[in-house]
Amino acid sequence: MKYTSWDRTDRDAPVLLAEAGPQELGRFTDETAAVNGSTWALAHHEDTGAHASLADGRVFRADGDLRKDKTITVDLAGRTFTLVNESSNNWIIDDADGTKIAQFSGGDNGVRTAVLEFEDGVALPVEEVAALSWFARLILEARLTKGSTALIATLILMSVVAILAFLF
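None of these values were measured; they are calculated from a predicted model.

Visitor: Give me the lowdown on the overall build of the protein, citing residues and values where you can.
Guide: Helix and strand counts for the protein come out as two helices and twelve strands. Each helix and strand of the protein, ordered N terminal to C terminal, gives the series β-β-β-β-β-β-β-β-β-β-β-α-β-α. Evaluated residue by residue, the protein yields a buried proportion of 37% over its 168 residues. Within the protein, counting contacts between residues at least 6 apart in sequence, those at least 24 apart form 34% of the total. When the accessible area of the protein is evaluated, it comes to approximately 9,400 Å², of which 53% is carbon and sulfur surface.

Visitor: With reference to specific residues and values, describe the nonpolar core.
Guide: One finds F28, W40, I93, F104, W134 and F135 to be the most contacted residues of the largest nonpolar core, which totals 40 residues. With eleven residues, helix α2 (residues 126-167) is the single largest residue contributor to this core. In this view, F135 contacts A50, F60, R61, A62, V74 and L76; residues no more than four positions away in its chain are not counted.

Visitor: Describe a nonpolar patch on the surface, and please don't skip the residues or the numbers.
Guide: A cluster of nonpolar side chains, namely I163, F166, L167 and F168, defines an oily patch on the protein surface of about 580 Å² accessible area. Take I163: it is sitting in helix α2.

Visitor: Provide a residue-level description of the pairing of strand β6 (residues 49-53), including the pertinent values.
Guide: Where strand β5 (residues 38-45) lies against β6, five bridges are found, and the strand directions are antiparallel. Residue pairing in the sheet places L42 in a bridge with A52 of β6. Connecting the antiparallel pair β5 and β6 is a turn made up of three residues. Here β6 pairs with strand β7 (residues 59-63) via five bridges, running antiparallel. Note that in β7 the partner of G49 across the bridge is D63. Connecting β6 to the next strand, β7, in antiparallel fashion are five residues, including G57 with a positive phi near 100°.

What counts as what
- Residues numbered from 1 in each chain as written.
- Predicted model: local features only at pLDDT ≥ 70, side-chain atom pairs only at ≥ 80, totals over all residues.
- Heavy atoms only, no water.
- Helix = DSSP H or I, 4+ residues; strand = E, 2+ residues; numbered from the N terminus.
- Buried < 20%, exposed > 50% of the residue type's maximum accessible area, 1.4 Å probe, protein only.
- Contact = heavy atoms within 4.5 Å.
- Areas by Shrake-Rupley, 256 points an atom, 1.4 Å probe, with all protein chains shown as cover.
- Core = buried A, V, L, I, M, F, W, Y, C linked by side-chain atoms within 4.5 Å.
- Patch = residues over 30% accessible without salt bridge, like charges linked within 9 Å, V, L, I, M, F, W, Y side chains within 5 Å.
- Salt bridge = Lys/Arg side-chain N within 4 Å of Asp/Glu carboxyl O.
- Pairing = 2+ DSSP bridges.

So this is what it looks like as structure tokens:
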């Protein structure tokens, strides 16, 4: 598999696809995911990170502020990865040896499909692919929310200044 993407037809339960589909790797809601025949318990908070508890007792974690941190550490039940924000919306994923294994971007409507593209020769278990794809999507969504909030606040402030300038 070269990449994963998300089908967001059902906004409450996006589907993780192998490449552009039709093969489904998982179906995610806010609190659960169905991946590879098992159900995961999901939790995330933009300030502290995200974790998935798998049915077999393994835990996959992404630790850090999803909105602000430039580096986020991922632990997939003992296997470590680092998500590195190289520039505004462009990210890479390094393994424990510092070798790039994947990349994702929020540019050019990247949040909609949240494509996670793997380097040639990288082969990971479906569960790890699904977890990394979920973490990538959460990061892109958190950063989009941060940018939208800043834009709205700026527009409100400019409107107030314009009104006051008109009145005085």
